[in-house]
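# Examining the three-dimensional arrangement
Listed here are the chains, written in short residue letters.
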Amino acid sequence: MEENNSQVLSLLGGLAIGIVGFQVFRKVLPWIYANVVGPKVFGSSVDLAKMGEWAVVTGSTDGIGKAYAKELARRGLKLVLISRSLEKLNVVAKEIGDKYGVEVRVIDVDFTGGAEIYDKIREKTTGLNVGVLVNNVGISYSHPEYFLDCYKADPKFLRNIVAANIHSVTHMTALFLPGMISQRRGVIINLSSTAGVIPNPLLSVYSSTKAFVNKFSDDLQTEYKEHGILIQSVQPGFVATNMSKIRKASVFAPSPETYVRSALSTLGIATQTAGYLPHALLQLVIHFTEAVFGEQFARNVVLKNILGTRKRALRRLAKEQ
Ligand SMILES: NC(=O)c1ccc[n+]([C@@H]2O[C@H](COP(=O)([O-])OP(=O)(O)OC[C@H]3O[C@@H](n4cnc5c(N)ncnc54)[C@H](OP(=O)(O)O)[C@@H]3O)[C@@H](O)[C@H]2O)c1
């Protein structure tokens with residue numbers, strides 16, 4: 001009897017070691033490659049300058065979009081910058097053009113508008129050999145809020161956030177993908193967010209638009225990979241920009257320049273990526289919490305945290321009034 005028990009125990013022990021070993025092989029090693037060894041040891045093998053003469057970046061007068069624009073110009077690509085304010089666009093175009101000696105064109109459109117925006121962009125980019133598209137533009141809540149309170153405060157906001165965060169990605173892709181396919185090369189980088197892959201109550205519409213970006217990018221990559229097109233969905237955590245309202249960069253909220261350099265080092269290595277090791281670790285901690293303590297526990301922890309942020313934001317707003 002005792003012998004039988006010890007045989008069962010060693011069988012179970014072997015099985016447990018086998019399962020852990022299988023998970024390490026299937027999940028841990030690819031994670032280490034995608035976030036550490038690939039970008040930091042080997043680096044990206046994608047030569048962006050060889051994709052085409054021009055890069056198009058949406059939401060490019062500030063933050064992450066401007067950092068992508070600078071990095072692409074540094075690598076020798078000509079730029080088309082797209083944002084709302086012509087004045088800001090001209091300042092950034094001059095700054096980048098002077099610094100990197102590349103041609104920079106600008107298009108002023110508001111991505112919360114309708115289909116006419118894309119007619120204007122098509123008209124202004126006809127004939128350009130666009131090899132890189134960065135779908136960066138995005139808008140978020142001014143502070144975390146319950147869905148219905150958000151709607152009550154501004155019913156148009158729900159439409160605008162979907163237009164800027166989703167329609168911009170699909171329409172810009174539809175505009176520039178055909179040219180890339182005809183050249184049999186091209187890179188499309190879509191800015192999602194960690195919010196799209198972890199529980200994110202009180203920012204529910206924003207995080208859903210970002211989940212859309214991940215799914216769209218993933219399936220599109222499968223559709224067009226054989227045409228030589230690389231599509232990457234980038235999922236930052238906090239980056240020190242106007243949107244996050246974080247002024248001082250830190251390890252967990254890097255400057256846009258630090259973030260973009262890191263994200264570009266993952267190009268060709270990961271198609272869905274946090275883009276920056278500390279943000280990848282943050283996602284890992286949350287997914288680990290979900291796996292060990294249950295999804296509901298993780299949701300509650302995040303909710304408590306975001307409710308605290310909302311409370312502080314409302315207090316600040318009340319003081320300002
Ligand atoms: N910062 C973060 O912590 C963070 C985290 C995760 C994901 N992301 C994502 O990263 C992307 C960039 O974010 P960011 O933090 O760099 O934003 P940001 O600093 O607020 O910059 C946004 C850029 O988009 C332009 N823009 C804003 N609304 C626009 C509109 N309706 N039409 C056209 N252009 C518009 C702005 O220029 P104008 O004002 O001149 O138009 C600006 O150039 C977004 O998709 C965001 O969701 C950011």
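Quoted verbatim from the Sequence similarities (unreviewed entry) heading of the UniProt record, the comment on the protein is "Belongs to the short-chain dehydrogenases/reductases (SDR) family."

A few words now on the nonpolar core. Ranked by size, the top nonpolar core spans 34 residues in total, and within it Leu-48, Tyr-68, Leu-72, Leu-79 and Ile-189 carry the most contacts. Ignoring anything within four residues of it in the chain, the contact list for Leu-72 reads Leu-48, Ala-55, Val-57, Leu-77, Leu-79, Val-132 and Val-134.

The subject of this paragraph is the site of the ligand. Lining the immediate environment of the ligand, one finds 31 residues, of which Thr-61, Ile-64, Asn-136, Tyr-206 and Thr-241 sit closest. At 3.2 Å from an oxygen atom of the ligand is found a main-chain nitrogen or oxygen belonging to Asp-62. Val-239 has a polar backbone atom sitting 2.9 Å from an oxygen atom of the ligand. Burial of the ligand by the protein amounts to 94% of the accessible area it has alone, namely 890 Å². Going through the elements one at a time, helix H2 (63–74) and helix H7 (204–224) are the ones with two or more residues in the shell around the ligand. A breakdown of the residues in the shell around the ligand according to their chemical character gives eleven nonpolar, 15 polar and five charged.

To continue, consider the packing of aromatic side chains. Think of a pair of aromatic rings as described by two things: how far the centres are apart, and how the planes are tilted against each other in angle. Counted by the stated rule, this structure contains six aromatic pairs. Aromatic side chains Tyr-33 and Phe-42 sit 6.3 Å apart centroid to centroid with 45° between the ring planes, which places their arrangement in the tilted category. With a relative accessible area of 38%, Tyr-33 lands in the partly exposed category. Relative accessible area serves as the criterion here: at 58%, Phe-42 is assigned to the exposed category.

What counts, and where the lines are drawn
Residues numbered from 1 in each chain as written. Predicted model: local features only at pLDDT ≥ 70, side-chain atom pairs only at ≥ 80, totals over all residues. Heavy atoms only, no water. UniProt positions renumbered as here; feature names shortened; annotations may be inferred. Core = buried A, V, L, I, M, F, W, Y, C linked by side-chain atoms within 4.5 Å. Buried < 20%, exposed > 50% of the residue type's maximum accessible area, 1.4 Å probe, protein only. Contact = heavy atoms within 4.5 Å. Near = heavy atom within 4 Å. Polar contact = N/O pair within 3.5 Å; in protein donor to acceptor, adjacent residues only side chain to side chain. Areas by Shrake-Rupley, 256 points an atom, 1.4 Å probe, with all protein chains shown as cover. Helix = DSSP H or I, 4+ residues; strand = E, 2+ residues; numbered from the N terminus. Nonpolar A, V, L, I, M, F, W, Y, C, P; charged D, E, K, R; others polar. Phe/Tyr/Trp six-rings, centres within 6.5 Å; stacked < 30°, edge-to-face > 60°.

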